[in-house]
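Geometric and topological summary
Each chain, letter by letter, is given below.
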Amino acid sequence: MRRLFSKTQRRILLWMAGGQCQVCGVALNGQFHADHVLAYSKGGKTITHNGQALCAKCNLEKSNK
């Protein structure tokens, strides 16, 4: 099973997020982390319905929890 989101999936995630981080709302300006809502390590699939666009800060904070 593929762990990383494809370029097409990443574009879709950014579009679905309206160009903003889905946690804090900061404008992403095309730079973002494609994150699994349900972690890949916990069985989350690499599909757009299980993805979200996050700024680096929010994604890195999430991984610390």
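Above this note sits the structure.
Summarised in this report is the structure supplied together with it. (Residues numbered from 1 in each chain as written. Predicted model: local features only at pLDDT ≥ 70, side-chain atom pairs only at ≥ 80, totals over all residues. Heavy atoms only, no water.)

This brings us to the environment of Cys-58. One can find Cys-58 in helix α2 (residues 56-63). The class for Cys-58 is buried, based on a relative accessible area of 10%. Remark: the alpha-carbon pair of Cys-58 and Lys-42, spanning 16 residues in sequence, is separated by 19 Å. Ignoring sequence-local partners within four residues, the contact set of Cys-58 consists of Cys-21, Val-23 and Cys-24. (Helix = DSSP H or I, 4+ residues; strand = E, 2+ residues; numbered from the N terminus. Buried < 20%, exposed > 50% of the residue type's maximum accessible area, 1.4 Å probe, protein only. Contact = heavy atoms within 4.5 Å.)

Attention now goes to the packing of aromatic side chains. Using the criterion set out here, one finds zero aromatic pairs in the structure. For Arg-10, the ring lying beneath its charged end belongs to Phe-32, and the centroid distance is 4.3 Å. (Phe/Tyr/Trp six-rings, centres within 6.5 Å; stacked < 30°, edge-to-face > 60°. Lys NZ or Arg CZ within 6 Å of the ring centre and 35° of its normal.)

The nonpolar side chains of a soluble globular protein tend to be buried, and buried together. Membership of the largest hydrophobic core is limited to eight residues, which are Ala-17, Cys-21, Leu-28, Phe-32, Ala-53, Leu-54, Cys-55 and Cys-58. If we skip the residues at most four places from it in the chain, Cys-55 touches Cys-21, Cys-24, Val-26 and Leu-28. (Core = buried A, V, L, I, M, F, W, Y, C linked by side-chain atoms within 4.5 Å.)

With that out of the way, let us pick up the environment of Val-37. For Val-37, the location among the structural elements is in the loop between β1 (33-36) and β2 (51-54). Judged by its relative accessible area of 49%, Val-37 is partly exposed. Linking Val-37 and Gln-20, residues 17 residues apart in sequence, is a C-alpha distance of 16 Å.

Honestly, it's all geometry; don't read function into it.
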